[in-house]
Amino acid sequence: MTAQVIDGKAFAGRVREKVAAQVASLKAEHNITPGLAVVLVGEDPASQVYVRSKGKQTVEAGMNSYEYKLEADTSESDLLAMIDKLNADDNVHGILVQLPLPKHLNEDLVINRIAPSKDVDGFHISNVGLLGTGQKSMVPCTPLGCLLMLRDHHGSLSGMDAVVIGRSNIVGKPMAQLLLNDSCTVTIAHSRTKNLADVVRRADIVVAAVGRPEMVPGDWIKEGATVIDVGINRIETDEGKTKLVGDVDYDSCAAVAGAITPVPGGVGPMTIACLLANTVTACCRIHGLAEDNEFTA
Ligand code: GUN
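Residues numbered from 1 in each chain as written. Predicted model: local features only at pLDDT ≥ 70, side-chain atom pairs only at ≥ 80, totals over all residues. Heavy atoms only, no water.

> Where do I start with the sheet that holds strand β3 (residues 64-70) in this structure?
Strands in a sheet are paired, the pairing made by backbone hydrogen bonds, and the direction either parallel or antiparallel. As summarised here, the arrangement of the three strands in space is β3-β2-β4, forming an open sheet in which the pairing is parallel. Edge positions in the sheet fall to β3 and β4 (94-97), since each of these pairs with one other strand and no more. Neighbour-to-neighbour, the strand axes of the sheet open up by a mean angle of 15°, direction not taken into account. Each of β2 (35-41), β3 and β4 touches helix α2 (residues 45-60); the most contacted strand, β3, lies at about 160° to it. (Pairing = 2+ DSSP bridges. Helix = DSSP H or I, 4+ residues; strand = E, 2+ residues; numbered from the N terminus. Axes fitted to C-alpha atoms, helices over the stretch in contact; angles between N-to-C directions. Contact = heavy atoms within 4.5 Å.)

> So what exactly am I meant to see when it comes to the nonpolar core here?
It is characteristic of soluble globular proteins that their nonpolar side chains tend to be buried jointly. Counting residues in each nonpolar core, the largest one holds 54 residues, and the members touching the most others are Val 19, Leu 157, Leu 179, Ile 205, Val 207 and Met 270. Looking at this core, the elements that each hand over two or more residues are α1 (8-30), β2, α6 (141-154), β5 (161-165), α7 (172-181), β7 (205-208) and α10 (267-286). Per-element accounting of this core gives the leading share, 11 residues, to α10. Apart from the residues within four sequence positions on either side, Ile 205 is in contact with Leu 150, Leu 157, Met 160, Asp 161, Ala 162, Val 163, Cys 184 and Thr 226. Counting residues in each nonpolar core, the second largest holds 22 residues, with Ala 3, Ala 203, Met 215 and Ile 221 among its members. (Core = buried A, V, L, I, M, F, W, Y, C linked by side-chain atoms within 4.5 Å. Buried < 20%, exposed > 50% of the residue type's maximum accessible area, 1.4 Å probe, protein only.)

> What am I meant to see in α6 here?
An α-helical turn contains 3.6 residues, so any two residues separated by three or four positions project in the same direction. Here α6 contains 14 residues, and its C-alpha end-to-end distance of 20 Å stays within 8% of the 20 Å for a straight helix at 1.5 Å per residue. Across the 14 residues of α6, 10 count as buried, placing the element largely inside the fold. Cys 141, Thr 142, Pro 143, Leu 144, Gly 145, Cys 146, Leu 147, Leu 148, Met 149 and Leu 150 are the residues of α6 that are buried. A positive phi of about 75° marks Gly 155, the residue just after α6. (Expected span 1.5 Å × (residues − 1).)

Nothing here speaks to function; it is all geometry.
Listed below in structure tokens is the structure:
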């Protein structure tokens, strides 16, 4: 079997178009422009690229983008004070603090300072708890993007065997929760999992989110399974250049899978598209307006 390629780039383009239309009608009908504040502490090069891209796409969707770049040695109290200000700012509907933070800052403390209603990352413990109990919450962007692609490809996910490789708070755990809420039978595998190959071979859906280049080979994949590759790893090629690869070995997995997301052009573009969608969702909820639920879990 040669897998169908799930085109995350095209899907993300459709999400962005619909988000832009929602933004236009919020402006026209309610005189409200959704606003997203992104806070970057320090100069991590990958984070700088992401933050720039988030700002650009926010503006392209017709929303206001507020970018705050803080020195790497910013104190915790200064960062918390900035979050308090953004929480109180009526022009700001979404707040995202780019992770990872410099080591001297307590990530949990910082994230939990964000007002849950403006937590477009869905990392605040209130949102984690709401998602875990199947209640309306803000949903983390990368897992939400994966879920939307899976639903689009399969329709219902009910009863499917899903294996999530990776147990991070950003991707693995919320992904498992979302799949469970969609009635999958879910296994979370991680670095201590025994017989990982056998665990993965059972899966109708494999979500790889470990951050290790090409670690899942094709002979771990069940014939016809759907493979969602969250990894974005830069590796050196034999010619001394660099290229982006995922957490799965694309060619060998694509030879057996039923469907697969490429890297780049799969999950990556969906993450920012879902961030934009979450910002509109947050804006509608804050203003007590009907929300378009197409891009929520
Ligand atoms: N760093 C890597 N992924 C993310 C994300 O989804 N949100 C934030 N805030 N930081 C990240």
